[in-house]
Amino acid sequence: QVQLVESGGGLVQPGGSLRLSCAASGNIFHISVVGWYRQAPGKQRELVADITSGGTLRYADSVKGRFIISRDNAKKTVYLQMNSLKPEDTAVYYCNVFLRVVGDYWGQGTQVTVSS
């Protein structure tokens, strides 16, 4: 069983930065794909970025060049550094851990609001 606890969301002005963190329990973090998804009101949940156990990165086109995902396997934590935030980045951000043999685990979500 994996539990995920997110932190770091909040209200920020356009152009500002936030750093999200997600701490995991259990013993599969280091061999899993870990990432961040987001869901804005009235929209489907979408991938923001993820990183494989081998370090391969994937980003949504809308965040390339602005967001950076990283992981610390010793701390079982995944981070999302969000820079140059835009109002359209406003959403609930969810941490995800995926391992094919066991499936998906999700955090409870953290609100990010970009507004002046």
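Structural notes, computed from the coordinates. (Residues numbered from 1 in each chain as written. Predicted model: local features only at pLDDT ≥ 70, side-chain atom pairs only at ≥ 80, totals over all residues. Heavy atoms only, no water.)

### Here's the deal with the pairing of strand β9 (residues 91-99)
- Judged by how many residues are buried, β9 sits mostly within the fold: seven of nine residues are covered.
- Sheet topology places strand β4 (residues 33-39) next to β9; seven bridges connect them, and they run antiparallel. Paired with Val34 across the strands is Val97, a residue of β9.
- Direction of pairing for β9 relative to strand β11 (residues 110-114): antiparallel, over a ladder of three bridges. Bridge assignment links Tyr93 to a residue of β11, and that residue is Thr110. (Buried < 20%, exposed > 50% of the residue type's maximum accessible area, 1.4 Å probe, protein only. Helix = DSSP H or I, 4+ residues; strand = E, 2+ residues; numbered from the N terminus. Pairing = 2+ DSSP bridges.)

### Notes on the state of the cysteines
- Evaluated as defined, the whole model comprises one disulfide.
- At a sulfur-sulfur separation of 2.1 Å, the disulfide partner of Cys22 is Cys95. Between Cys22 and Cys95 the disulfide shows an S-S torsion of about -85 degrees. By sign, it is left-handed. Highlighted residues: Cys22 in strand β3 (residues 18-24) and Cys95 in strand β9, separated in sequence by 73 residues. (Disulfide = S-S within 2.5 Å.)

### Describing unusual backbone geometry
- Positive phi values are uncommon outside glycine, yet Lys76 reaches one of about 50 degrees.
- With respect to the element layout, Lys76 can be found in the loop between β7 (67-72) and β8 (77-82).
- With a relative accessible area of 27%, Lys76 lands in the partly exposed category.
- A positive phi angle is found at Ser84, which is not glycine, with a value near 50 degrees.

### Points about the packing of aromatic side chains
- Following the criterion strictly, the structure yields one aromatic pair and no others.
- Taken together, a centroid distance of 5.0 Å and an interplanar angle of 70 degrees make the contact between Tyr37 and Trp106 edge-to-face. Of this pair, Tyr37 sits in strand β4 while Trp106 sits in strand β10 (residues 103-106), and the two are 69 residues apart along the sequence.
- Between Arg45 and the ring centre of Tyr94, over which it is positioned, the NZ or CZ distance is 3.7 Å.
- The aromatic ring of Phe29 is capped on one face by Arg71, whose charged end is 5.0 Å from the ring centroid. (Phe/Tyr/Trp six-rings, centres within 6.5 Å; stacked < 30°, edge-to-face > 60°. Lys NZ or Arg CZ within 6 Å of the ring centre and 35° of its normal.)

### Let's talk about the sheet that holds β8
- In spatial order, the strands read β1-β3-β8-β7; together these four strands make up an open sheet with antiparallel pairing. Pairing within the sheet leaves two strands with one partner each, and these edge strands are β1 (4-7) and β7. Direction aside, the axes of adjacent strands within the sheet are offset by 15 degrees on average.
- Judged from the six bridges that link them, β3 and β8 form a sheet pairing that is antiparallel. Its bridge partner being in β8, Leu18 is matched across the sheet by Met82. (Axes fitted to C-alpha atoms, helices over the stretch in contact; angles between N-to-C directions.)

### Focus on the pattern of salt bridges
- Using the criterion set out here, one finds five salt bridges in the structure.
- A salt bridge links Arg38 to Glu46; the shortest N-O distance between them is 2.8 Å.
- Taking the relative accessible area as the measure of exposure, Arg38 reaches 5% and is therefore buried.
- Arg66 serves as the salt-bridge partner of Asp89, at 2.8 Å between the closest nitrogen and oxygen. In this pair, Asp89 is assigned in the loop between β8 and β9 and Arg66 in the loop between β6 (57-59) and β7, connecting sequence segments 23 residues apart. This pair shows no difference in class: Asp89 is buried, exactly as Arg66 is.
- By sharing partners, the salt bridges in this structure join Arg38, Glu46, Arg66 and Asp89 into a single network. (Salt bridge = Lys/Arg side-chain N within 4 Å of Asp/Glu carboxyl O.)

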